[in-house]
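What the coordinates show
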Amino acid sequence: MTTSPATLEQVLVQAQLLSPLDKVRLVERLSSSIEREMEVLATAETEAIRIREWQATIERTARALANDPIECPAQGDYEQRDSIL
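None of these values were measured; they are calculated from a predicted model.

1. Points about the overall build of the protein
- Along the protein, the regular secondary structure elements total two helices and zero strands.
- Against the globule reference of 12 Å for 85 residues, the protein gives a C-alpha radius of gyration of 32 Å, more extended than a compact globule.
- Taken along the three principal axes of its C-alpha coordinates, the protein extends 95 × 45 × 15 Å.
- Taken over 85 residues, the protein has a buried fraction of 1%.
- Total accessible area on the protein stands at roughly 8700 Å², and carbon and sulfur atoms take up 59% of it.
- If the 9 positive side-chain charges of the protein are averaged to one point and the 15 negative ones to another, these points end up 10 Å apart.

Written out as structure tokens, the structure reads:
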């Protein structure tokens, strides 16, 4: 959310009218709000890093066998076993 400079100035003017105790409460609430937003941003960034690392691992793994693909040779014939019944 973006705040215009005029709105910010209005908030600051209103904050100046608060009692010292209310100013402390305002600062505490703002601080708490900022901390929550920072946690959300940090979590989102951590998740983005984890996804990029996982994608890089998949790419490395996929390229590792590009020149030497895995082959599944014929399995041959199954041995004949006696029937159970």
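2. Focus: the environment of Leu 85
- Tracing the backbone through its elements, the reader meets Leu 85 in the segment after α2 (20-64).
- With 15 residues separating them in the primary sequence, Leu 85 and Ile 70 have C-alpha atoms 40 Å apart.

3. Observations concerning a nonpolar patch on the surface
- On the surface, Leu 18, Leu 26, Leu 30, Ile 34, Met 38 and Leu 41 cluster together to form a nonpolar patch covering roughly 540 Å² of accessible area.
- As for its placement among the helices and strands, Leu 41 is situated in helix α2.
- When its relative accessible area of 55% is taken as the criterion, Leu 41 is described as exposed.

The rules behind each value
- Residues numbered from 1 in each chain as written.
- Predicted model: local features only at pLDDT ≥ 70, side-chain atom pairs only at ≥ 80, totals over all residues.
- Heavy atoms only, no water.
- Helix = DSSP H or I, 4+ residues; strand = E, 2+ residues; numbered from the N terminus.
- Rg over C-alpha atoms; globule rule 2.2 N^0.38 Å.
- Buried < 20%, exposed > 50% of the residue type's maximum accessible area, 1.4 Å probe, protein only.
- Areas by Shrake-Rupley, 256 points an atom, 1.4 Å probe, with all protein chains shown as cover.
- Lys, Arg positive; Asp, Glu negative; His and termini not counted.
- Charge placed at Lys NZ, Arg CZ, Asp CG, Glu CD.
- Patch = residues over 30% accessible without salt bridge, like charges linked within 9 Å, V, L, I, M, F, W, Y side chains within 5 Å.
- Salt bridge = Lys/Arg side-chain N within 4 Å of Asp/Glu carboxyl O.

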